[in-house]
Amino acid sequence: MRTATIERNTLETQITLSVNLDGQGEARLDTGVPFFEHMLDQIARHGMIDLDIKANGDTHIDDHHTVEDVGISLGQAIARAVGDKKGITRYGHAYVPLDEALSRVVIDLSGRPGLEFHCDFTREQIGTFETQLVMEFFQGFVNHAQATLHIDNIRGINAHHQAETIFKAFGRALRMALSADERMAGKMPSTKGSL
């Protein structure tokens, strides 16, 4: 089983996060940030990974530290659970639409952190959730998962739809990257000598 548990304790947050990369897409989430939990649930469902996240943060100030530190913890947990990365596809990509919105996410579990994030949110907040925190979450993730991540919201009018397509596409791209590399399992014919 590719599983890991991370505990992160700072002056601002106390987080326990467990991940099962071979799960059923189930999530148990308690972060104190409802919209963020809705987005994390999309990662679990579309990534077919199980997430168990308990976070106590300084949400009386704002949601920044909680969102960023959950991203950091998720990156650490995935890096630990995946181990030496032997036998995984490594690369993943997905396009996801939701009504008028469309996003593309491409990931490389490269061992090199890098984020290209391109989304002009149409609103600064979705409910009480600040849309700029979406990028903060993914920045924390890539820095600690040691992954290269390209996120492009191609179009969208509704900010909720923009965010949701990003998180769903991320889950699906991650699922592809974590899947078994069929070439390693001998299931794909060699391209050696072919045109």
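Higher on the page you've got the structure.
Residue numbering note: each chain is counted from 1, following its sequence as written. For a predicted model such as this one, the threshold for reporting local features is a pLDDT of at least 70, and the threshold for listing and counting side-chain atom pairs is 80 or more; totals across whole chains, interfaces and linings nevertheless cover every residue. Hydrogens are left out, water is left out, and the side-chain values use all remaining heavy atoms of the structure.

### Section: the sheet that holds strand β3 (residues 27–30)
Stage number 1. DSSP bridges decide pairing: two strands pair if at least two such bridges lie between them. Only runs of H or I of at least four residues qualify as helices and only runs of E of at least two qualify as strands under DSSP, and these elements are numbered from the N terminus. Taking strand neighbours across the sheet as the criterion, the four strands line up as β1-β2-β4-β3 in an open arrangement whose pairing is mixed. Where the open sheet ends on each side, the last strands, each with one partner, are β1 (3–9) and β3. This sheet shows a mean twist of 5° between the axes of neighbouring strands, independent of strand direction.
Stage number 2. Relative to strand β4 (residues 50–57), β3 runs parallel, the two sharing four bridges. Paired with R28 across the bridge in β4 is D52.
Stage number 3. Each of β3 and β4 touches helix α1 (residues 34–47); the most contacted strand, β3, lies at about 160° to it.
Stage number 4. Between two residues, a contact is recorded if the distance between any of their heavy atoms is within 4.5 Å. Here, axes are lines fitted to C-alpha atoms. For helices the fit covers the stretch in contact, and angles between N-to-C directions go from 0 to 180 degrees. Each of β1, β2 (13–20) and β4 touches helix α2 (residues 64–82); the most contacted strand, β2, lies at about 35° to it.

### Considerations on the side chain of D63
Stage number 1. Along the chain, D63 falls in the loop between β4 and α2.
Stage number 2. Those residues within four positions of D63 in sequence are excluded, and the remaining contacts are V33, T128, F129 and L133.

### Let's talk about the packing of aromatic side chains
Aromatic rings in a pair are described by how distant their centres are and how their planes are angled relative to each other.
Stage number 1. Note on aromatic pairs: the rings of Phe, Tyr and Trp (six-membered ring only in Trp) are paired at centre separations within 6.5 Å, and the planes decide the class, stacked below 30 degrees, edge-to-face beyond 60, tilted for the rest. Applying the stated rule across the entire model yields eight aromatic pairs.
Stage number 2. On the numbers, 5.5 Å between centres and 75° between planes, the contact of F36 with F137 is edge-to-face. With F36 in helix α1 and F137 in helix α3 (residues 132–145), the pair connects residues that are 101 residues apart, well separated along the chain. You'll find F36 and F137 in the same group, each marked buried. Any residue under 20% of the maximum accessible area for its type is buried, any over 50% is exposed, and the rest in between are partly exposed; the area is computed with a 1.4 Å probe on protein chains only.

### Quick word on the packing of α2 against α3
Stage number 1. Following both chains from N to C, one finds α2 and α3 inclined at 30°, their axes separated by 7 Å at the closest point. Classed by the angle they form, the pair α2 and α3 counts as roughly parallel. Of the two possible hands of crossing, α2 and α3 adopt the one that is right-handed. Taken together, the residues of α3 that come into contact with α2 (itself represented by H64, V67, E68, V70, G71, I72, L74, G75, Q76, I78 and A79) are L133, E136, F137, G140, F141, H144 and A145.
Stage number 2. Of the residues contributing to the contact of α2 with α3, the split by class is ten nonpolar, six polar and two charged. Here is the rule for angles: anything less than 35 degrees is roughly parallel, anything more than 145 is roughly antiparallel, 65 through 115 is roughly perpendicular, and the remaining ranges are oblique. With the far helix as reference, a near helix turned anticlockwise by less than a right angle produces a left-handed crossing, and one turned clockwise produces a right-handed crossing. The classification used treats Ala, Val, Leu, Ile, Met, Phe, Trp, Tyr, Cys and Pro as nonpolar, Asp, Glu, Lys and Arg as charged, and all other residues, Gly among them, as polar.

### Considerations on the environment of T66
Stage number 1. Its location among the elements puts T66 in helix α2.
Stage number 2. In this structure, the C-alpha to C-alpha distance between T66 and T31, residues 35 residues apart in sequence, is 7.3 Å.

### Some details on the sheet that holds strand β6 (residues 101–108)
Stage number 1. In space, the four strands of this open sheet follow the order β5-β6-β10-β7, with mixed pairing throughout. With one partner strand each, in any of the chains shown, β5 (91–98) and β7 (114–118) form the two edges of the open sheet. When strand polarity is set aside, the average angle formed by the axes of neighbouring strands in this sheet is 10°.
Stage number 2. The sheet contact formed by β6 and strand β10 (residues 148–155) spans seven bridges and is antiparallel. When the sheet's bridge partners are listed, D108 is paired in β10 with T148.
Stage number 3. Across the sheet, α3 lies against β6, β7 and β10, angled at about 165° from β7, the strand it touches most.
Stage number 4. Lying on the sheet, helix α4 (residues 159–178) is in contact with β5, β6, β7 and β10; it crosses β5 at an angle near 150°.

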